[in-house]
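Listed here are the chains, written in short residue letters.
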Amino acid sequence: MSRTEEPAATAPTPAEHFDVLVVGAGISGVDAAYHLKHQCPARSFVVLEGLESFGGTWLMHRYPGIRSDSDLYTFGYGFKPWTGAPIASANEILRYMGEVIDENDLVGHIRYDHRISTASWSSDDDLWTIEATHTGTGEELRFTAGFLWMCQGYYRHSEGYTPGWQGMDRFTGHIVHPQTWPDDLDYAGKTVIVIGSGATAATLVPAIAGRCGHVTVVQRSPTYFWSGANVNEVADMLRELEIPEEWIHEIVRRKNLNDQKVVAQLSFDEPELVKEELINGVRALLPEGYDVETHFTPRYRPWRQRIAYVPDGDLFAGISSGKASMVTDEIETFTEHGILLKSGEELTADIVITATGFNLSVLGDIDFTIDGRPLVFSDTVTYRGMMFTGVPNLAWVFGYFRASWTLRADLVCDFVCRLLHHMDELGVTRVTPALRDEDADMPILPWIDPENFNPGYLMRSMHLLPRRGDKPEWQHSQDYWTEKDLFPSADLDDRCLVFE
Ligand SMILES: Cc1cc2nc3c(=O)[nH]c(=O)nc-3n(C[C@H](O)[C@H](O)[C@H](O)COP(=O)(O)OP(=O)(O)OC[C@H]3O[C@@H](n4cnc5c(N)ncnc54)[C@H](O)[C@@H]3O)c2cc1C
């Protein structure tokens, strides 16, 4: 179905046309490509990726120890068995994704080094026009597409979030953000401060502690952790019985999802019990008399932020051995040689690592227009956390926080393919979410309820995100266990989607 358009008078570059254009070749974009290939074989599609290869998050994060904190039986795709240890390194995830690309002949569909800058919708043509730059040659490229599938993740890839602390310019050592880790950073024997205690710090600290002189983690407030051996006993037992890997994947996936459901539910129903369990788990891995109250007793309900998994307790082993230590305090200012804390204590360091999170990027920092008018995503209301009112022929994969991201990517992929088939059946070329008459009085709320989930990068940027209503059709529920049944059965003709 591909065709090449004649260049318009004002457009110097001819546009290449695809039925579907996927933005990003991370775990979501490759999922979209797999689904298009198998479920919509008659449609032409291309995946444009700004980086030099596939993998997204797992390609661009290069800090020592980079690994998943979800188990790969659920972070892996539903259709491709995971055969390794549950918590995987970035390289193992990249190898798995590479196999998906090879086994499904997706190579020819992906174009790397294509950085997209604009996306413009024309209602006259029912087409998106996408402008991209080839990052290697600088060539300006144009594409048109009937449907735009945003798989660009949720954070700005070029730069992580670093709060502007006083005195940073005075510090004579290195300040490094894990997202832009210098390949040549020499931390052997050095005194290192890591600011922040989320999943990144929990991964990084044990990975560098052995080589550094000492690592101090400075946190404003404590985080929840859980720990266990990086093995899945059910999978190992089934393997011993020579059960096919497809079965093992499905069984372990279902078991893990069930276990996670129970914990997530319990953290709402009995938060104190879950809190106590988690803290006792940490206490058991630390030396007798360690100040767990100060450093590992969070002030929020479990699951309001993602709970970092510590495989084999490696973070706590680092603390127990004296190679790493925790400080719970606020930063007053950077000094020439380190950090002065509000308590008056001064920590010296050769290197300060700011494991302080992301900058949210709404839809890939691409300038969107609809019929010539700039599109402000925060003016829209989301349809099921994947499409937006007034924005035709566009879907976004935004995964789960409390469950593996990819679980939702798989669900959205099936939904979009079903939607594309439905459009064929109706003989239409445009689908646009729109609030119905009965939605007129619906409260319009922020993208996510801060009482439900409130990590810093979302709180800082909530005003940029699309909004939600209070009905299932008009929100991202963050609830896999509801959406797994809801999405496949969602009525496409319930008038939330206008087909033309
Ligand atoms: C260190 C780290 C660990 C994580 N661990 C987990 C985990 O264990 N479990 C979990 O569920 N989630 C985890 N996450 C969240 C994680 O980001 C997602 O799970 C998942 O990898 C996101 O995949 P994605 O393909 O949607 O987006 P990304 O991985 O962010 O990939 C998006 C791709 O789109 C490309 N792109 C963006 N904008 C443009 C543009 N304008 N033009 C061209 N290309 C563009 C990017 O270059 C990138 O390759 C983690 C995140 C981080 C940072």
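Residues numbered from 1 in each chain as written. Predicted model: local features only at pLDDT ≥ 70, side-chain atom pairs only at ≥ 80, totals over all residues.

**Section: the site of the ligand**
Consideration 1: Gly24, Gly26, Gly56, Gly153 and Trp405 are the nearest of the 33 residues found near the ligand.
Consideration 2: Residue classes in the shell around the ligand are distributed as 11 nonpolar, 18 polar and four charged. (Near = placed C-beta within 6 Å. Nonpolar A, V, L, I, M, F, W, Y, C, P; charged D, E, K, R; others polar.)

**Quick notes on the sheet that holds strand S9 (residues 214-219)**
Consideration 1: If you walk across this open sheet you meet the five strands as S7-S16-S8-S9-S12, and the pairing is parallel. Two strands lie at the open edges of the sheet, namely strand S7 (174-176) and strand S12 (324-328), each paired on one side alone. Strand after strand, the sheet turns through a mean of 20° between neighbouring axes, direction not considered.
Consideration 2: Across five bridges, the pairing between S9 and S12 is parallel. (Pairing = 2+ DSSP bridges. Helix = DSSP H or I, 4+ residues; strand = E, 2+ residues; numbered from the N terminus. Axes fitted to C-alpha atoms, helices over the stretch in contact; angles between N-to-C directions.)

**What to know about the domain arrangement of the chain**
Consideration 1: Under the domain assignment used here, the chain contains domain 1 (15-73 + 80-157 + 360-499) and domain 2 (162-356).
Consideration 2: Here the C-alpha centre of domain 2 lies 29 Å away from the C-alpha centre of domain 1.
Consideration 3: Facing the 23 residues of domain 1 at the interface are 30 residues of domain 2.
Consideration 4: A per-class count over the side of domain 1 that touches domain 2 returns 14 nonpolar, four polar and five charged. (Domains from an automatic or database assignment. Contact = placed C-beta atoms within 7 Å.)

**Quick word on the environment of Pro178**
Consideration 1: Turning to its location among the elements, Pro178 is positioned in the loop between S7 and strand S8 (191-195).
Consideration 2: Exposure remark for Pro178: the 23 C-beta atoms within 10 Å place this residue in the buried category.
Consideration 3: Expressed as a C-alpha distance, the spacing of Pro178 and Ile353, which sit 175 residues apart in the sequence, is 6.9 Å.
Consideration 4: Residues contacting Pro178, with those up to four places away along its chain left out, are His61, Tyr63, Gly160, Thr200, Leu204, Ile353 and Ala355. (Buried ≥ 20, exposed ≤ 12 C-beta atoms within 10 Å, placed from the backbone.)

**Description of helix H5 (residues 199-209)**
Consideration 1: With 10 of 11 residues buried, H5 is to be regarded as a mostly interior element.
Consideration 2: What H5 keeps buried is the set Ala199, Thr200, Ala201, Ala202, Thr203, Leu204, Val205, Pro206, Ile208 and Ala209.

**A closer look at the packing of helix H11 (residues 405-426) against helix H13 (residues 480-489)**
Consideration 1: Two elements in contact, H11 and H13, have axes whose closest approach is 10 Å; the angle formed by their N-to-C orientations is 10°. In terms of their interaxial angle, H11 and H13 are classed as roughly parallel. Touching Leu407, Arg408, Leu411, Asp414 and Phe415 of H11 are Tyr480, Glu483, Lys484, Phe487 and Pro488, all from H13.
Consideration 2: Residue classes in the contact of H11 with H13 are distributed as six nonpolar, no polar and four charged. (Parallel < 35°, antiparallel > 145°, perpendicular 65-115°, else oblique.)

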